[in-house]
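Structure at a glance
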Amino acid sequence: AHDGAYRVSGLVSNGAAEASGQIVVGDVLHSVDGLNVCFKSHEIVKDLVQGPPGSRVVLSFLRLEALAEDLHRSVNEFDNWRPVVLQRNSNPSGSKTPPVTDGEDEEPIDLMPQVGRTTNAV
């Protein structure tokens, strides 16, 4: 188990992540715009992922063959990751991004794609 990793827990219907076809439930998020988010607080990850509709975000996901120690590395230091570039857009409810929880007993927050903290990534 690797506390502090974020795993995609769902995709919003007609959202940027679903439309890309490049992100699936279970993907482990490693970086947002080049910054490693593993072991960062949920608030920090949320702030990095969210942004104005129409802006671009680069999400880096670990590949299946990634190693546990890759969670601690920069994407410049290993090859077992894949980038996904998304254009942020509004969801049907009008908020910037869809609601999601971090897997703990917290109120839903806005995050795109839906990413929850996991204890069993990689």
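With respect to the overall build of the protein
- Regarding its fold elements, the protein presents 2 helices and 8 strands.
- Per-residue burial for the protein yields a buried fraction of 44% across its 122 residues.
- Long-range pairs, those at least 24 residues apart, make up 65% of the contacts in the protein with a sequence separation of at least 6.

As for unusual backbone geometry
- With a phi close to 65°, Asn14 is a non-glycine residue in the positive phi region.
- One can find Asn14 in the loop between strand S1 (5–10) and helix H1 (16–20).

Describing the environment of His72
- As for its placement among the helices and strands, His72 is situated in the loop between strand S4 (56–62) and strand S5 (81–87).
- Between the C-alpha atom of His72 and that of Ala5, which follows or precedes it by 67 residues, the distance is 10.0 Å.
- Look past the residues within four positions of His72 in its chain and what remains in contact with it is Asn36 and Phe39.

Observations regarding the pairing of strand S2 (residues 28–32)
- For S2, the tally of buried residues reaches 5 of 5 residues, placing the bulk of the element in the interior.
- Sheet topology places S1 next to S2; 2 bridges connect them, and they run antiparallel. If you follow Tyr6 over to S2, its bridge partner there is Leu29.
- The sheet contact formed by S2 and S4 spans 4 bridges and is antiparallel. Bridge pairing links Val32 to Leu59 in S4.
- Where S2 folds back onto strand S3 (residues 35–36) in an antiparallel hairpin, the turn is made up of 2 residues, including Asp33, whose phi is positive at roughly 50°.

Some remarks on helix H2 (residues 42–49)
- If you check which residues of H2 are buried, you get His42, Val45, Lys46 and Val49. One side of H2 carries all its buried residues, which in axial view fall inside an arc of 100°.

Details of the side chain of Ser31
- Within the secondary structure, Ser31 sits in strand S2.
- For Ser31, a relative accessible area of 0% puts it in the buried group.
- Among the polar contacts listed, one links the side chain of Ser31 to the side chain of His30, at a separation of 2.5 Å.
- If we ignore the near neighbours within four places in the chain, the residues touching Ser31 are Asn36, Val37, Val58, Leu59, Ser60 and Val75.

Observations regarding the environment of Ala17
- Among the structural elements, Ala17 can be located in helix H1.
- The sequence separation of Ala17 and Val85 amounts to 68 residues, and the corresponding C-alpha distance is 9.2 Å.

Topic: the confidence of the model for the protein
- Averaged over all residues, the pLDDT of the protein is 75; the fraction at 70 or higher stands at 70%.
- Every residue in residues 92–103 is under pLDDT 50, and counting partners more than four places away or in other chains gives 41 contacts.
- Every residue in residues 118–122 scores below 50 in pLDDT, and together they form 24 contacts with partners more than four places removed in sequence or on other chains.

A short note on the nonpolar core
- Counting 15 residues, the largest nonpolar core has Ile23, Leu29, Val32, Val45, Leu59, Phe61 and Leu86 as its most contacted members.
- Where this core is concerned, the elements lending two or more residues are S1, H1, S2, H2, S4 and S5.
- Element by element, the count of residues in this core is highest for S4, at 3 residues.
- One finds Ala5, Val28, Cys38 and Ala66 within the second-largest nonpolar core, a separate group that totals 7 residues.

The rules behind the values
Position numbers for residues count from 1 along each chain, tracking the sequence in the order it is written. Confidence filtering applies because this is a predicted model: local features only for residues at pLDDT of at least 70, side-chain atom pairs given and counted only at 80 or more, and all residues used for totals across whole chains, interfaces and linings. By convention in this description, side-chain values take in all heavy atoms of the structure and omit both hydrogens and water. Runs of H or I in DSSP of at least four residues are treated as helices and runs of E of at least two as strands, each being numbered from the N terminus. Exposure is judged per residue with a 1.4 Å probe applied to protein chains only, and the accessible area is read against the type maximum: over 50% gives exposed, under 20% gives buried, and values in between give partly exposed. In what follows, a contact means two residues having at least one pair of non-hydrogen atoms within 4.5 Å. Paired strands, in this sense, are two strands between which DSSP finds at least two bridges. To be clear, the arc concerns the directions from the helix axis to the C-beta atoms. Pairs of N or O atoms are called polar contacts if they sit within 3.5 Å, as long as, within protein, a hydrogen donor faces a hydrogen acceptor (for residues adjacent in sequence, only side-chain-to-side-chain pairs). pLDDT runs from 0 to 100 and stands for how confident the predictor is about each residue. Throughout, nonpolar core names a set of buried Ala, Val, Leu, Ile, Met, Phe, Trp, Tyr and Cys residues whose side chains join them through atoms within 4.5 Å.

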